[in-house]
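Analysis of the macromolecular model
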Amino acid sequence: MPEQPYEQEGAVAGTGRGGAMDLAASEATTLEKTPGGPEATGPAGKPRSLWSDAWRDLRRNPVFIIAGVVILFLVFISLWPSAITWMSPLTCDLAKAQQGSQPGHPFGFDGQGCDVYTRTVYGARTSVTVGVCATLGVAILGSALGGLAGYFGGAWDSFLSRITDIFFAIPVVLGGLVLLSVVTSNTVWPVVGFIVLLGWPQIARIGRGSVITAKQNDYVHAARSLGASNSRILLRHIAPNAVAPVIVVATIALGTYIALEATLSFLGVGLKPPNVSWGIDISAASPYIRNAPHMLLWPAGALALTVLAFIMLGDAVRDALDPKLR
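In short, a report on the structure. Since this is a predicted model, take the numbers as computed values, not measurements.

Quick look at the overall build of the chain
Tallying secondary structure elements over the chain gives 12 helices and 2 strands in all. Counted from the first residue to the last, the chain has its helices and strands arranged as β-β-α-α-α-α-α-α-α-α-α-α-α-α. Taken over 326 residues, the chain has a buried fraction of 39%. Expressed as a percentage of contacts within the chain between residues at least 6 apart in sequence, the contacts between residues at least 24 apart total 64%. When the accessible surface of the chain is summed, it comes to about 18400 Å², and 64% of that surface belongs to carbon and sulfur atoms.

In structure tokens form, the structure reads like this:
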């Protein structure tokens, strides 16, 4: 019998799971020409990771953009405050004490005749320094201890859990009043050390839970069966997949640490003059809030804006890194 001409009305393509599906000829041709086949999810068939997806979402999030601009401005004036003010925060004129806004002095003067605008600008350096250093210390110490406890478990895990319970029971402000009242150093490091001392348990508990979840995945069991050491499994396989919750909590906590430094300085146990801090200025201006409210409103507004920016940044990062919100 003569052969019937073959008409390309359809084609059969494998599903990758032992089955097949019918495709039109045009669809089959398109599938063959698509870089990476059906598994391609990004440009040129490159699969997207959690971090690339998160960065794509963050760039489209107006909350992240606004918070990022504010934080970049704060970092800029912290590094180069002389770029936007020509005065020294310690230059004062008692004859101008508590006076309001004047040409060249938009925020007025405080109770000692110091320029409020200049002191507000220089106060950002202290707050950003304390917040960043305390967050780095808390994140490194807490994630290391929590990660080891979650990975090895056993007696070490039980011991760390009881230690974190003890630290969680200590009131932060009361602990600062007790511990920092006996410190004679007039630098930011005692405040940073105190925040790290009481802040690491929260990160440790978050890191412990993330590591416990990550170590149960198949790729960890496969690496262990191939003879990978504990350090390699922790650093190469578990840490990259368990660090996202730690980053989110640390970003939000950074704003909290800035507010805590201002609170301790307001109470007189944090930073002390001649250091320039928003907490110090708020404390000095509080008795004059009726007669000269500008002395209090500007440093308090800068503090509130800074804390809000970091909290907004943390919320945006959390939304981008949480797969359940996609």
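Quick notes on the packing of aromatic side chains
A complete count under the given rule lists 7 aromatic pairs for this structure. Relative to F152, the ring of Y151 has its centre 5.0 Å away and its plane inclined at 85°; by these criteria the two rings are edge-to-face. Residue Y151 is classed as buried on the basis of its relative accessible area of 7%. F152 sits in the partly exposed class, given a relative accessible area of 48%. By the ring-pair criterion, three or more aromatic residues cluster together here, those being F107, Y117 and W298.

So, the nonpolar core
The nonpolar side chains of a soluble globular protein tend to be buried, and buried together. Counting 34 residues, the largest nonpolar core has I258, L303 and L321 as the members making the most contacts within it. Mapped onto this core, the elements with two or more residues apiece are α2 (50-59), α3 (62-79), α4 (116-152), α10 (244-266), α11 (278-285) and α12 (294-321). No other element matches α12, which puts 12 residues into this core. Discounting chain neighbours no more than four positions away, the residues touching I258 are S127, G131, L303, T306, V307 and F310. If you look at the next biggest cluster of nonpolar residues, it comprises 22 residues, including L180, V188, Y257 and L260.

Topic: α3
Counting along an α-helix, one turn takes 3.6 residues, and residues three or four places apart therefore face a common direction. Look at α3: 26 Å from first C-alpha to last across 18 residues, which is about the 26 Å you get at 1.5 Å a residue. If you check which residues of α3 are buried, you get F64, A67, G68, I71, L74, I77 and S78. For α3, the N-terminal capping position is held by N61, with its side-chain oxygen 3.0 Å away from the main-chain nitrogen of V63.

Side note on the packing of α4 against helix α9 (residues 230-242)
A packed helix pair is summarised by two numbers, namely the angle formed by the two axes and the spacing between the axes. It is at 12 Å that the axes of α4 and α9 come closest, and there the two elements cross at 115°. Judged by the angle between their axes, α4 and α9 are roughly perpendicular. Handedness of the α4/α9 crossing: right-handed. Within the contact between the two elements, α4 uses L148, Y151 and F152 and α9 uses N230, I233, L234 and I238.

Some details on the pattern of salt bridges
Enumeration over the complete set of coordinates arrives at 8 salt bridges. The shortest N-O distance in the salt bridge between R318 and D315 comes to 3.7 Å. Highlighted residues: R318 and D315, both in helix α12, separated by 3 residues, approximately one helical turn. For R318, a relative accessible area of 38% corresponds to the partly exposed category. Here R318 makes a salt bridge to D319, at a shortest N to O gap of 3.4 Å. Several salt bridges share partner residues, and in doing so they unite D53, R56 and D57 into one network.

Observations regarding empty space enclosed by the protein
Under the definition given, this model contains 1 cavity of 30 Å³ or more. Taken as a whole, the largest cavity spans an internal volume of roughly 40 Å³. As for the largest cavity, its lining consists of L180, V183, S185, T187, P190, V191, V269, G270 and K272. Partitioning the lining of the largest cavity into residue classes produces 5 nonpolar, 3 polar and 1 charged.

Things to note about unusual backbone geometry
In terms of backbone geometry, most residues other than glycine have negative phi values and most peptide bonds are trans. A cis amide bond links P273 with the next residue in sequence, P274, at an omega value of 10°. If you trace the backbone, P274 turns up in the loop between α10 and α11.

Describing the environment of I65
Its location among the elements puts I65 in helix α3. Measuring from C-alpha to C-alpha, the distance between I65 and A316 comes to 9.4 Å, with 251 residues separating the pair along the chain.

A few points about a nonpolar patch on the surface
A surface patch of nonpolar side chains, amounting to about 700 Å² of accessible area, comprises V172, V173, L174, L177, V178, L179, L197, F266 and L267. In terms of residue count, the dominant contributor to the nonpolar patch is helix α6 (residues 172-180) (6 residues). The residue V178 is located in helix α6 in this model.

Observations concerning the side chain of T164
Inspection of the secondary structure puts T164 in helix α5 (residues 154-168). Among the polar contacts made by the side chain of T164, one reaches the side chain of R205 at a distance of 3.3 Å. Once residues within four sequence positions are removed from consideration, T164 is found in contact with W200, P201 and R205.

Side note on the environment of V191
Here V191 shows up in helix α7 (residues 189-214). Each C-alpha atom of the pair V191 and A134 lies 8.5 Å from the other, and the pair is 57 residues apart in sequence. When neighbours within four sequence positions are excluded, V191 is seen to be in contact with V130, L180, E261, G270 and L271.

Conventions adopted
- For every chain, the first residue of the written sequence is number 1, and numbering continues from 1 along that sequence.
- Local features in a predicted model are, by the rule used here, given only for residues with pLDDT of at least 70; side-chain atom pairs are given and counted only at 80 or more, and totals for whole chains, interfaces and linings are based on all residues.
- Side-chain measures here rest on the full set of heavy atoms in the structure, leaving out hydrogens and waters.
- Secondary structure is summarised from DSSP: a helix means a run of H or I of at least four residues, a strand means a run of E of at least two, and numbering begins at the N terminus for each.
- Working definition: with a 1.4 Å probe on protein chains only, accessible area under 20% of the residue-type maximum means buried, over 50% means exposed, and in between means partly exposed.
- Note on contacts: a residue pair qualifies if any of its non-hydrogen atoms lie within 4.5 Å across the two residues.
- Reported accessibility uses the Shrake-Rupley method at a 1.4 Å probe radius. Residues are deemed covered only where the shown protein chains occlude them.
- Stacked, edge-to-face and tilted are the three classes for Phe, Tyr and Trp ring pairs, Trp counted by its six-membered ring, which pair at centre distances within 6.5 Å; planes under 30 degrees apart are stacked, over 60 edge-to-face, the rest tilted.
- Nonpolar cores were defined as sets of buried Ala, Val, Leu, Ile, Met, Phe, Trp, Tyr and Cys residues, with membership established by side-chain atoms within 4.5 Å.
- In this analysis, the expected span of each helix is defined as 1.5 Å times one less than the number of residues it contains.
- For this analysis, a polar contact is any N or O atom pair within 3.5 Å, provided that within protein one partner can donate a hydrogen and the other can accept it, and provided that sequence-adjacent residues contribute only side-chain to side-chain pairs.
- To obtain an axis, a line is fitted to C-alpha atoms, over the contacting stretch when the element is a helix, and the angle between two such axes runs from 0 to 180 degrees between their N-to-C directions.
- With respect to orientation, any angle under 35 degrees is reported as roughly parallel, any angle over 145 as roughly antiparallel, any angle of 65 to 115 as roughly perpendicular, and every other angle as oblique.
- For a crossing to be left-handed, the near helix must be turned anticlockwise from the far one by less than a right angle; the clockwise case is right-handed.
- Take a side-chain nitrogen of Lys or Arg and a carboxyl oxygen of Asp or Glu: if they are within 4 Å of each other, that pair is a salt bridge.
- The definitions used throughout rest on a 1 Å grid laid over the protein atoms alone, on which a cavity is an enclosed set of points accommodating a 1.4 Å probe that cannot get out and a pocket is an open set flanked by protein within 12 Å on both sides along at least five of seven lines; lining residues are those having an atom within 4 Å of a point.
- Grid points are joined across faces, edges and corners, and a volume is the space filled by probe spheres set on the points.
- In this classification, the charged set is Asp, Glu, Lys and Arg, the nonpolar set is Ala, Val, Leu, Ile, Met, Phe, Trp, Tyr, Cys and Pro, and all remaining amino acids, among them Gly, are polar.
- Candidates for patches are residues over 30% relative accessible area with no salt bridge; among them, like charges are joined within 9 Å and nonpolar side chains (Val, Leu, Ile, Met, Phe, Trp, Tyr) within 5 Å.

By themselves these figures say nothing about function.
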